[in-house]
Structure formats: structure tokens, C-alpha cells
Amino acid sequence: MKANRFLVLLLFNFYFCYSFAQLSFRVEKDIAVFYPKDFDSVQTLPSPAVIHTLHKKYDLPEKWTLLPEFKSIAGKSIVEIKYEPGTDLYGTGEVTGSLLRNGKNVTLWNSDNGNYLQFNGERLYQSHPWVLGVRKEGTAFGILADHTWKQQIKLGESIQIISDGPTFRVIVIEKKSPQEVIKCLASLTGTMQLPPMWALGYQQSRFSYYPQGQVKEIADNFRSKKIPIDVIWMDINYMDEFKIFTFDPKGYPDPKELNNYLHSKNVKSVYMIDPGVKKQAGYEVYDEGEERNYWIKNSRNQPYVGKVWPEQCVFPDFINPEVQTWWSSLYKNFMDLGIDGVWNDMNEPSVFNGPEGSMPPDNMHKGGNSFPDGPHLRYHNIYGMMMVQATRKGILDANPGKRPFVLSRSNFLGGQRYAATWTGDNKSSFEHLKTSIPMSINLGLSGQPFSGPDIGGFSGDCSAELFSQWIALGAYYPFCRNHTSIETVSQEPWAFGEKTERASRTAINRRYKLMPYLYSLFREASVSGMPVMQPLFFADVKDPSLRAEEEAFMLGSELIIVPRWAKNVKLPNGNWRNITLEDYDDGYQAQIKIRAGAIVPVGKVFQSTEEYNAEEITLLINPDQKGNASGSLYDDAKDGFGYTQGDYTLLNYQAETKGSDLTVTVKQIAGKRKINQVYRIGLVTSKGIMYSNPQKGNKIKISVPAN
Ligand code: MIG
């Protein structure tokens, strides 16, 4: 009997080992960090997500409520955090399903999950060990599980993080509002750097435009049809036998000439580069990496070989800083061909014949500098992030005067520092159109402001109706790219007939009209981490009825976008007013609402941001009850780094109503750049927008009609 009891106790201790944190302290007033008692920093640090070392500034106060409980059960390291019932949960990165994450499970193991169907839809291309909680009354918290190992986040009555790796530290943020939590996340994990303005324009892609003459035709068509465009994308078929950094001699014999042509039409080019390197002696990239021993190893310490597009491939070990340096250097000659941006795909990594579509967890990575050698189980989730870190550096080294643009399918918490993202292989369905909204919002609530889905859908054939609806929504995604798969029907705006072409032009025109505001939002995101696309409840965090709204959303804090198909949208209180940006209604365009008290700067339609300037601005003004409103505008050289030396303008607009006169005072509040603006006021009234004459100077006036 006794012996039995002893055995049970022993087993109990082996399987269930509970403890509260051994060490906990505050890094800032509202940021606490908790270390488990068996914490082994070599196993989880340095953190690729958190950019600062966490030093103790204060003790943990007794009233601190969110206390991670550390346990290990059957070889898993678990953290459980209890939270108040009635709290709404968000974040957890790139996920499918509803905006609200309560009751959801997410597995963090980056996976090539076409149509989001595999693995119960519980894992996608990226990993963000991060949960945002918003309590009933609007106060908020954030939980950051600071490690990269394979893990699961379970959002039930408590928050559970279950790791296949060793124990890890947990960072808890407590703030007065979710916006403050998101800014705090950015202070810990870094912000997206300001992209070149062209990356905010409309972008056209497909798998694949081929041969290069077709790319020119596409560019010509946009210009002759007067549909604005900034970028055309080159998918894998430009390569020679899918070998990265090569060009197909038949279809893409002269990429430099192609890029020059595109540039002459004010169109930029982005080319795809995958991580898999074709295992073929004589192929320079392979020979170099092979000679230097740069590939990920299998458990027998041989280069791991897996099948991807080029057939047998080896994979650069981006965890090793030497490999990163080499990878960066490969971009020099590539970018010299006049390539403007880089698209890194398949970097989960996706391996066609590997376990669960990737590589074995016992593959081995070589560390260096900061990271120790370690298994793929530890480094899988940051493989893509380490790749795009090196890609970004490579294209910056190649063109030190230009802002790099990288698009990545895989990434990790903090990865907004290196690359924008799209949400992988969706399908041409209304369901995926709808789901794209909470997907991009939750990415924004997880630190990544620059995202969007394939507009029109990737797999399957899009239809005229679906494309019209999708482009009318797509104009407001932070990343606005039309992309489709290889065997699908054409998906350019004109591919579905006159009506869809017109709806597309109107929607894309709207994006370009909104560019002064949109660019200002991107600048704000790059400074503070505030998402560009925001959940509607950000309009009033104290109103719990808005918390699940996922059809309507906010663009910055001043505009609400209500897609035309949206039903029963919950709107915030306050005198949000409709604005129309054209004098016709095609039946597809979203309703745009402006906050009472807001001034939103809009511009003219440009066919490309290359032609953009902020010289003629319309200030859309919806005065509050007192007749006041305010807003701002950011402007700079659109590319390059002059802005870091003060070559930019940050303007503040203040509107005041006195009697029947509304006056806007324009003030430059930061930056050394001067712009000469001509302003029109567009006063938003319940009966429509009233426009003033164009005016110059720092005081712009309009007389307000008596109601
Ligand atoms: O195995 O490069 O998500 O956007 O068009 C498919 C071809 C590989 C997957 C990407 C998709 C891209 C496609 N790629």
C-alpha cells in the first residue's frame, strides 16, 4: 500500500509539476516579466521577438492580478493565466475564424496551409505567441510567451500556452486601453519601418505572368484603362528551373530591360525568392552554400534534402548569422537588375515531401553569435523571420538610398521589423473575402500592421460579382494586391467585363484619393505601432457591443469602412457621417464614415504614387458638437531615408467654428520639409459634402450653413 502511494506521488510529481514564478518583477510600471523556477536562458534566449533586455525597475505590486502559473505535464511546459470572465480575447497572430478569439486554439508551427483547411484551420503560415485581452470596462492586457518552440495557445476559461520545448518566460502588459497595449507591444518588439510609398499603391500579381512581354502588356493596359497601379509581381516562373537568383532564358531573357520598361510607366517590380536551393552541382548558389556548409542538417548531420519546386532542395540555415550574411550578399546582383522589392515565399519552410509539409523537428540548426545550435523544433517558427531579416539587409545593402520592401509568407512575432505579409493561399470565395477582415485585424493586433489577403482569392476561379465585391473591400487593406494561382481564370480588373472594371477603377481611385491619410497612418504605425486597419471597437473601447464586429472596421481612428454587403453592422455612438468620394454609385463601393471631430486629408487620383504629391488637398471635416475638429498629415520624399534627417512635414489641422465661419488653422508641428499646399475644405454635413474654393495660406475658411 505504502509503496504504491509513494509511486503515485512520484508519478504525480513527474507528470504534474506546478509552480508560480520564481522570479518576477516589473520592467516598466505596466510591464511585468515572470520566470519559471527552472528557467534556462540558453534554451529560449536571446528572444527574436523582444528587442530590449528586460531589466528590473520595480517590484511586482501585490495587487497585480495576472499571474502566470508554470507547470510541466508529460514533458510539456505549460503556462496558465486566469483572467476575469467577460474579457474579450484577440491577437494570436495570423488565424482563421472570428475576430474574437475566446474559445479558440492556435498551434504555433508555421505551416503551408492552402485554403486554410488542414490542421483544423488552427495553424497557418506565421506564429505570434501573443494574446490581447480587453476587459468589459475597456482596460486591457497583453500576454507574450517569449520563446519560439512549437507550442499551442488555448483560449478557454483561462489562457493556456503549452510548449513542446523547455520552460519560458512570460511578459504581461497591463494598460488602460487596448491601444495602449498595442503600442506597448511595439515598444517591446519593434515597429514596421516606414515603407516606400509605392508599396501602399495597388499591386497586380499572378502565378505567373509569363513571358516577360505579358508583364509589359499588363502595365500598358492599366495605363490605357486609367486604373492606377504601382507594382507588378513576378512569381516563380521567371526563374530558370525554379532556381533562385536565375532567370528563364526563354521567358525572361532580359529582366533589366523589363524593369526599365516598367519604370518608364511608373510601375515597380517585385520578384519572388524561395528558400529552397536546387541540389545541383554547377549551380552557383548551391555550390557556394555546399562548399561553406550552410545547409540545415538532418539528424545524421548530413544536409537535409527535401522536395520543393526545383525538385531536390537543400535549405540555407538562416539561424546561423554567417548564412544570413551570405544570403544578404546574393541580392546585390539581383537588385542591380532594377528589381524594386522581394517576395519571400515557402519559408515556413514548406517541403512537399516532409512531415506535415515541412521538415523533421529533429533536423539541426547551427547557431552563431547569439543563438545556440538547436533542433528544428526550436527554430522552425523563426525560420521565415530570420530569412527576411537577411533579405531586408541584402536589398538595403544593394540600394542603401532606398527603403527596402520585402513581402513574406512566414514570419514570427516582431517580424514586422523586416517584412510585410499576405495571408497565404486563400480561395476565391465569399467566405474568404469575409474572413480576410478579422485576419488582417488580428495581425495588426499582434504587431504586424502591413498585411492583406490575395484580392480576388488565390485558388479557384473568381467571378465578376465576387471580384467586384472583393476589390471594393480590397482598396482599404493595408497591403492591396490582386493575386491568383496558376490554373485559374484571369483576374485583372478588366478580366470580368465592363461593370467589374468600372467598380475596380472606382475602388482603386478611392485608395489613391485616400493616400495622404493612408500614408500618414503608415507613418504613425512605423512610429507607435498603431495598426492601420483597426477593429471597430477601437472607436469606443468602453462599449462592449462593438467587440465582435468583424464586417465593418476602421482605417486609422478617423474612418469606418462598412463593406457594401455587410449586414447588421454594430456602429459606435457619436455623429459618424458618411462621405462619398464620387458622384455616382456603382452598387459595390463601401460606405465610408468619418468621426465627429475629425479632419481627414484626401488628394487627387494619381495613376501611380510616383506621380503623387500632397500639394492639392481636400480636408474632409466633420465638426463635433462644438464645431471643432482636428487632423494631421504626414508627407516626405516617398522613398529614401531623408525623413530620418528631418526631410518630412508633419502638419496639424485645427478647425473651429465661430458663428457661421469655420476656420482651419494649418500648423507644421515637425519636420524641416516645406510644402506649398492648396486646400479645399469638404465640410461633411448630413446632406452631403459642401466644398469651399481652393485656398492658400495657414487659415482656410468656409461658411457653415445654418441648420
Ligand atoms: O506551392 O509561387 O502562397 O502566392 O503564387 C505554391 C507560387 C507556391 C505559394 C504562394 C503563392 C504563389 C505560389 N506559391
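Attention in this report is confined to the structure presented alongside it. (Residues numbered from 1 in each chain as written. Predicted model: local features only at pLDDT ≥ 70, side-chain atom pairs only at ≥ 80, totals over all residues. Heavy atoms only, no water.)

**Points about the site of the ligand**
In the region of the ligand, 13 residues are neighbours, and Asp 235, Asp 345, Arg 409, Asp 425 and His 483 sit closest. Asp 235 has a polar side-chain atom sitting 2.5 Å from an oxygen atom of the ligand. Here an oxygen atom of the ligand sits 3.1 Å away from a polar atom, N or O, in the side chain of Trp 309. Within the complex, the protein chains bury 95% of what would otherwise be the 350 Å² of accessible surface of the ligand. Here the shell around the ligand is built from residues that sort into eight nonpolar, one polar and four charged. (Near = heavy atom within 4 Å. Polar contact = N/O pair within 3.5 Å; in protein donor to acceptor, adjacent residues only side chain to side chain. Areas by Shrake-Rupley, 256 points an atom, 1.4 Å probe, with all protein chains shown as cover. Nonpolar A, V, L, I, M, F, W, Y, C, P; charged D, E, K, R; others polar.)

**Structural notes on the pairing of strand E20 (residues 341-344)**
Across the two faces of E20 the burial is the same, with Gly 341 and Trp 343 and Val 342 and Asn 344 all buried. Where strand E16 (residues 268-273) and E20 come together, four bridges link them in parallel fashion. Bridged to Tyr 271 within E20 is Val 342. Note that E20 and strand E23 (residues 406-408) share three bridges and pair parallel. Bridge pairing in E23 places Asn 344 opposite Ser 408. (Buried < 20%, exposed > 50% of the residue type's maximum accessible area, 1.4 Å probe, protein only. Helix = DSSP H or I, 4+ residues; strand = E, 2+ residues; numbered from the N terminus. Pairing = 2+ DSSP bridges.)

**Thoughts on unusual backbone geometry**
With an omega dihedral of -15°, the bond running from Phe 207 to Ser 208 counts as a cis peptide bond. Tracing the chain through its elements places Ser 208 in the loop between strand E14 (203-204) and helix H4 (212-224). The omega angle of the peptide bond from Glu 348 to Pro 349 is 0°, so this bond is cis rather than trans. Checked against the element boundaries, Pro 349 lands in the loop between E20 and strand E21 (364-365).

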